[in-house]
Every structure is written in structure tokens, then in C-alpha cells.
Amino acid sequence: MKLSDLAAALGCELRGEGGLEITGLAGMEHAGPSQLTFLANPKYAHKVKRTRAGAVLVSQPIEGLAAAQLISSNPDLDMARAAELFYQPPRPKSGIHPLASVAATARIGENSSVGPFAVVGEHVVIGRNAVLHPHVVIYEGAHIGDEFYAHAHAVVREHCRIGHRVILQNCVVVGGDGFGFVKRADGTHYKIVQSGVTVIEDDVEIQTLTSVDRPRMGETRVKRGAKIDSLVQVGHASVVGEDNIICAQTGLAGSSILGKSVLLAGQVGISGHLTIHDNAVIYAQSGIGGDVAPGAVMSGSPAFEVHDWLRAITAFPKLPDLLRTMRQLEKRLAALEQAGSSNP
């Protein structure tokens, strides 16, 4: 599309040749003369002047830039919006495939697509415009809202509830049994029935191979707008707050409570039965063993305030030298004390 049309669609100010044909999008280092790229982080501004892109989304005009410029209040967001103009993932045609298994008591809304080998159990309710790719399984009694999109091998277990515009990537399991056992007197383990449900609110996306477990009673809940990355474990009776970002390989033990807009970077471990309050940020590979205050930024295992943590890790490699120095000082002090006692 013409760059002027693209600028109008995005609501951006255009500086440069509006008649330029844009054929697609690419990263700054790889973009060609007919492609659009973007600069979201000012620390990469030196790279943008070397780009071969025909046009660049920027937050402020850049002097001396050969490429045309689209001035945006949020280049990262507008790049995402631009991508939708050039690429839409294929959507299966509506209807129930002959090789799908849909219970007679199930209700599926209009304009939905159920792919081959998908299974929809008894008394399931699914809203309008849903897509169930091959091998998706919806257990008995699940209730799902409009515009649900489930990729192959996603599973929604019995009686779980899912809101509108929820996306489950491949192999997500919603409502699998929580990890609950009681030890008998002889040391063997007795399984605790997990009779609760998992609730996923509107506008949630869950990435591949992630599990959101059901509890022994009550519910596990993922609140509106939360985004959960791949290989995440959300334990039974946990609450993931609104607009949370939970990155890959993070684990929430049972009864973890996350407030609004919490960010958990990759491989964070939450010990459970604690609360991480609104707007907290937890750095990668941190271990959280207690409540976290609103707006706190934590790192380390066990985690503590990030500025203290940065000082601590700077000092950590110096500890062997500090120990040697301390031992030498102790020897010198001992020698001085001995000399002083022998010469009263």
C-alpha cells in the first residue's frame, strides 16, 4: 500500500514521499527500500540511520534520515497495527468438520469453526465466532464466550469458564488437576479430589504448553487482559491479576495472588500463599518467598529490592579477595596483640 495510505490508517504524521509503495514490514537491520521498520527504543537511534528501509516509525523526527518517517506517539504499538494490514493468519471456514465429535447437548454459536478430531463434550456452551483447531478438546460442562480461539491440542477441562476473546495457543491446559496429595500413615499418597474450577476472564492470551490448574475447592482465576507466556505453571487456587505479564518458565505455587499490572520475567518462582501487589516487577530467575509491596522492583533468590540486589551482585565476585584480606588483617592484628602482651 502507498505510504500515505498507511500513515492515514495509523493516524501518523508523514514526513517524506507519500507515494512510496510499502510491501511489508521488517526489522531495522533487514528492511529493504519497500519495507517499513520502527524505532521504539532511543538507545538504538544510531542504528536507524544505517537502515535501508523505505520508511521508519519514530516518536520524534530524526534529522538526516534518508528514509521517510511516520511520526507516532507509540511506534511499537503502531508497528503492531501496521502488521495487521499486511498479514492476517488464515482462519478456518465456519462449520463443524465431519471428523469432529460434538455432543448433542453442546451449543456452539454462529459462525464458529470446529476442526477435524476436535472434541466438544456434553453440555458445553461456546459463543459466536469461535475457532477450534484440530484435536482441541473441551470437556463436559465448560462455558466459553464469544471469539474464542483455540489452537491444536489445547484442552479446557470440565466445568471451567472462559470469557470473550480468549486465545489458547497449542497444548495449553485449562483446569488440569491441581497437585494435591495427603500422605497416609504408611507413607503412601492419597489423591485429593480437585473439585474446583479454573476461570479465564476476557481478553486473556495463554501461550504454548502452559497449565492453569483447578483447585481442590473454589477457583483458580486469570483476570481480564492478562498475558501468560509459554511453559508457565499457574498453581491451584492462584489469582493472576488484570493486565499481568507472566514470562516463560515461571511457576506460581498454589494460592499465589497477583495484583494488577504485575510483571514476572522469565523463570520466576513464587512459593505460594502470598500476595504480589499492584504494579510490582520481578526480575528473571528471582525466587519470591513472601509478600511484595505495590510498585516494588525485586530481584535475586531469595529476592530483595533491585538496587540493593545490583550492589550485592557487584560485590559478590569480590568476596574471595575480601576474605583473603580479612584473614591477613586478622593475622596482623593477632601478631600486634601478641607483641603488645610481651612488651608491657
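To be clear, the structure that these remarks concern was listed above.
Small disclaimer: the values here were computed from a predicted structure and weren't measured. (Residues numbered from 1 in each chain as written. Predicted model: local features only at pLDDT ≥ 70, side-chain atom pairs only at ≥ 80, totals over all residues. Heavy atoms only, no water.)

J.: With reference to specific residues and values, describe the sheet that holds strand S15 (residues 149-150).
T.: Strand order in the open sheet formed by 12 strands is S6-S9-S12-S15-S18-S23-S26-S29-S32-S35-S37-S38, and the pairing between neighbours is mixed. Each edge of the open sheet carries a strand with a single partner, namely strand S6 (95-96) and strand S38 (303-305). Direction of pairing for strand S26 (residues 227-228) relative to strand S29 (residues 245-246): parallel, over a ladder of 2 bridges. Bridging across to S29, Lys 227 finds its partner in Ile 245. Against the sheet, helix H4 (residues 306-315) engages strand S37 (297-300) and S38, with an angle of about 110° to S38. (Pairing = 2+ DSSP bridges. Helix = DSSP H or I, 4+ residues; strand = E, 2+ residues; numbered from the N terminus. Contact = heavy atoms within 4.5 Å. Axes fitted to C-alpha atoms, helices over the stretch in contact; angles between N-to-C directions.)

J.: Quick rundown of the sheet that holds strand S1 (residues 13-15)? Include the residues and the values.
T.: Ordered by their spatial adjacency, 5 strands build an open sheet running S1-S5-S4-S3-S2, and the pairing between neighbours is mixed. Single-partner strands in this sheet number two, and they are S1 and strand S2 (24-25). The pairing of strand S4 (residues 55-58) with strand S5 (residues 68-71) spans 4 bridges and is parallel. Among the inter-strand pairings, Leu 57 is bridged to a residue of S5, identified as Leu 70. Packed on one face of the sheet, helix H3 (residues 75-86) meets S2, strand S3 (35-38) and S4 and runs near 155° to S3.

J.: Talk me through a nonpolar patch on the surface; I want residue IDs and the actual numbers.
T.: A contiguous nonpolar patch, built from Phe 316, Leu 319 and Leu 322 and spanning about 320 Å² of accessible area, is present on the exposed surface. For Leu 322, the position within the fold is in helix H5 (residues 319-342). (Patch = residues over 30% accessible without salt bridge, like charges linked within 9 Å, V, L, I, M, F, W, Y side chains within 5 Å. Areas by Shrake-Rupley, 256 points an atom, 1.4 Å probe, with all protein chains shown as cover. Salt bridge = Lys/Arg side-chain N within 4 Å of Asp/Glu carboxyl O.)

J.: How would you summarise the packing of aromatic side chains if you had to cite specific residues and measurements?
T.: Under the defined criterion, the tally for this structure stands at 2 aromatic pairs. Aromatic pair Phe 179 and Phe 181: ring centres 5.2 Å apart, planes at 75°, arrangement edge-to-face. Between the aromatic rings of Tyr 283 and Trp 309, the centroid separation amounts to 6.4 Å while the plane-to-plane angle is 80°, which identifies the pairing as edge-to-face. One end of the pair, Tyr 283, is in the loop between strand S35 (281-282) and strand S36 (287-288); the other, Trp 309, is in helix H4, and 26 residues separate them in sequence. (Phe/Tyr/Trp six-rings, centres within 6.5 Å; stacked < 30°, edge-to-face > 60°.)

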